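Descriptive analysis of the structure
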Amino acid sequence: MRKKLVAGNWKMHGSLVQNKELLDAVITGTAGMRKGSCVVCVPYPYLSSVQSMLENTQIAWGAQNVNQFSKGAYTGEVSAEMLKDFDCQYVIVGHSERRSLFGEDSHTVSLKFTASQNSGLMPILCVGETLQQRETGAMEKVIAEQLDAVIDQAGVASLSKAVIAYEPVWAIGTGKTASPQQAQEVHALIRGSIARHDEGVAADLTILYGGSVKANNAAELFAMPDIDGGLIGGASLIAEDFVAICRAGQD
Ligand code: PGA
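I will try to describe carefully the structure that is included in this document. All figures in this text were calculated on a predicted structure; none of them were measured in a lab.

**Topic: a negative patch on the surface**
A cluster of acidic side chains, namely E55, E81, D85 and D87, defines a negative patch on the protein surface. Structurally, D87 can be placed in the loop between helix 3 (80–85) and strand 4 (90–93). Relative accessible area serves as the criterion here: at 41%, D87 is assigned to the partly exposed category.

Given below as structure tokens:
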């Protein structure tokens, strides 16, 4: 049985002082929730302090990006093994901001996916269409291309050690959430396309919805049959809201 998951994506936000305040409140607010059902993906420089604050709590932690190579002359980059040094469990790969602002194509994302798994990290693979792609009927093709790059490279079985996040680009940070029905439709499509390769993998796969999930819309999104939780940007920076979303994501 797949389990629900709520993952916070802090993006490039935070400071030592703010993180402590936020996490103190999140630790208290999520007391008693299932261990590992909430995750925060934080900027690299804070991994060490976040690890100290979260070890022995119910909250897991991870990073927002990783390099596809294991080591070498790649100035400014961070490897999956380095993330493991800080006991990260998760890493986001292929976020739309990485794809659109930093030129990551689906092949590079698939290499990052594999590098993460090779180091024992659980990749959160982001897929999703732009508004223009949706309006011109290209949505299915775009999402299939993003998924197939990983399936071709890593095999469908690799998805049994991964999470997928469906994030329509037009809903990220815009306050325009996909309706539960719109999101469900795409989640079912994603699960269906994976089921054509392997039904068992598809049935057990956690598929998160991301894009303007807030405290007041999380419960109805997460109630849909193929939505297994959320990837949360803006609202993960507000303790009260993130805790409420984590609560909505309990099984
Ligand atoms: P948002 O971001 O919740 O602020 O829309 C989601 C994301 O980018 O993962």
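**Quick word on the packing of aromatic side chains**
Enumeration over the complete set of coordinates arrives at 2 aromatic pairs. With a centroid separation of 4.5 Å and an interplanar angle of 15°, the aromatic rings of F69 and Y74 are classed as stacked. On the basis of relative accessibility, which here comes to 37%, the residue F69 falls in the partly exposed class. Taking NZ or CZ as reference, R98 lies 4.2 Å from the ring centre of F102, over its face.

**Quick word on helix 5 (residues 106–118)**
Taking 1.5 Å of rise per residue, the 13 residues of helix 5 would be expected to cover 18 Å, and the 18 Å separating its terminal C-alpha atoms lies within 8% of that figure. Those residues of helix 5 not exposed but buried are S106, T108, V109, S110, K112, F113, A115 and S116. Where helix 5 terminates, the next one or two residues include G120, which has phi positive at roughly 85°.

**What about the packing of helix 1 (residues 16–29) against helix 2 (residues 47–54)?**
Packing of helix 1 against helix 2 leaves a shortest axis separation of 11 Å and a crossing angle of 25°. Taken together, the axes of helix 1 and helix 2 lie roughly parallel to each other. Crossing handedness for the pair helix 1 and helix 2: right-handed. Of helix 2, the residues touching helix 1 (which contributes L16, N19, K20, L23 and I27) are S49, V50, M53 and L54. When grouped by side-chain class, the residues that make up the contact of helix 1 with helix 2 number 6 nonpolar, 2 polar and 1 charged.

**Quick word on helix 2**
Within the sequence span of helix 2, burial applies to L47, V50, Q51 and L54. Taken down its axis, helix 2 places every buried residue within 105° of arc, on the same side. Structurally, helix 2 contributes buried residues whose contacts are with helix 1, strand 2 (38–41), strand 3 (59–63) and helix 3. N56 lies just past helix 2 and shows a positive phi near 70°.

**A look at the sheet that holds strand 4**
With parallel pairing, the 8 strands of this closed barrel are ordered in space as 1-2-3-4-5-6-7-8. With direction set aside, neighbouring strand axes in the sheet form an average angle of 25°. Here 4 bridges tie strand 6 (residues 163–166) to strand 7 (residues 206–210), and the two strands are oriented parallel to one another. Note that in strand 7 the partner of A165 across the bridge is L208. Against the sheet, helix 2 contacts strand 2 and strand 3, and its axis sits at roughly 170° relative to strand 3.

**Section: unusual backbone geometry**
With phi around 55°, K11 is a residue other than glycine that occupies positive phi space. On the secondary structure map, K11 appears in the loop between strand 1 (5–9) and helix 1. The residue D87 is not glycine, and still its phi comes out positive at about 60°.

The rules we used
Residues numbered from 1 in each chain as written. Predicted model: local features only at pLDDT ≥ 70, side-chain atom pairs only at ≥ 80, totals over all residues. Heavy atoms only, no water. Patch = residues over 30% accessible without salt bridge, like charges linked within 9 Å, V, L, I, M, F, W, Y side chains within 5 Å. Areas by Shrake-Rupley, 256 points an atom, 1.4 Å probe, with all protein chains shown as cover. Salt bridge = Lys/Arg side-chain N within 4 Å of Asp/Glu carboxyl O. Lys, Arg positive; Asp, Glu negative; His and termini not counted. Charge placed at Lys NZ, Arg CZ, Asp CG, Glu CD. Helix = DSSP H or I, 4+ residues; strand = E, 2+ residues; numbered from the N terminus. Buried < 20%, exposed > 50% of the residue type's maximum accessible area, 1.4 Å probe, protein only. Phe/Tyr/Trp six-rings, centres within 6.5 Å; stacked < 30°, edge-to-face > 60°. Lys NZ or Arg CZ within 6 Å of the ring centre and 35° of its normal. Expected span 1.5 Å × (residues − 1). Axes fitted to C-alpha atoms, helices over the stretch in contact; angles between N-to-C directions. Parallel < 35°, antiparallel > 145°, perpendicular 65-115°, else oblique. Left-handed = near helix turned anticlockwise from the far one by under 90°. Contact = heavy atoms within 4.5 Å. Nonpolar A, V, L, I, M, F, W, Y, C, P; charged D, E, K, R; others polar. Arc of directions from axis to C-beta. Pairing = 2+ DSSP bridges.

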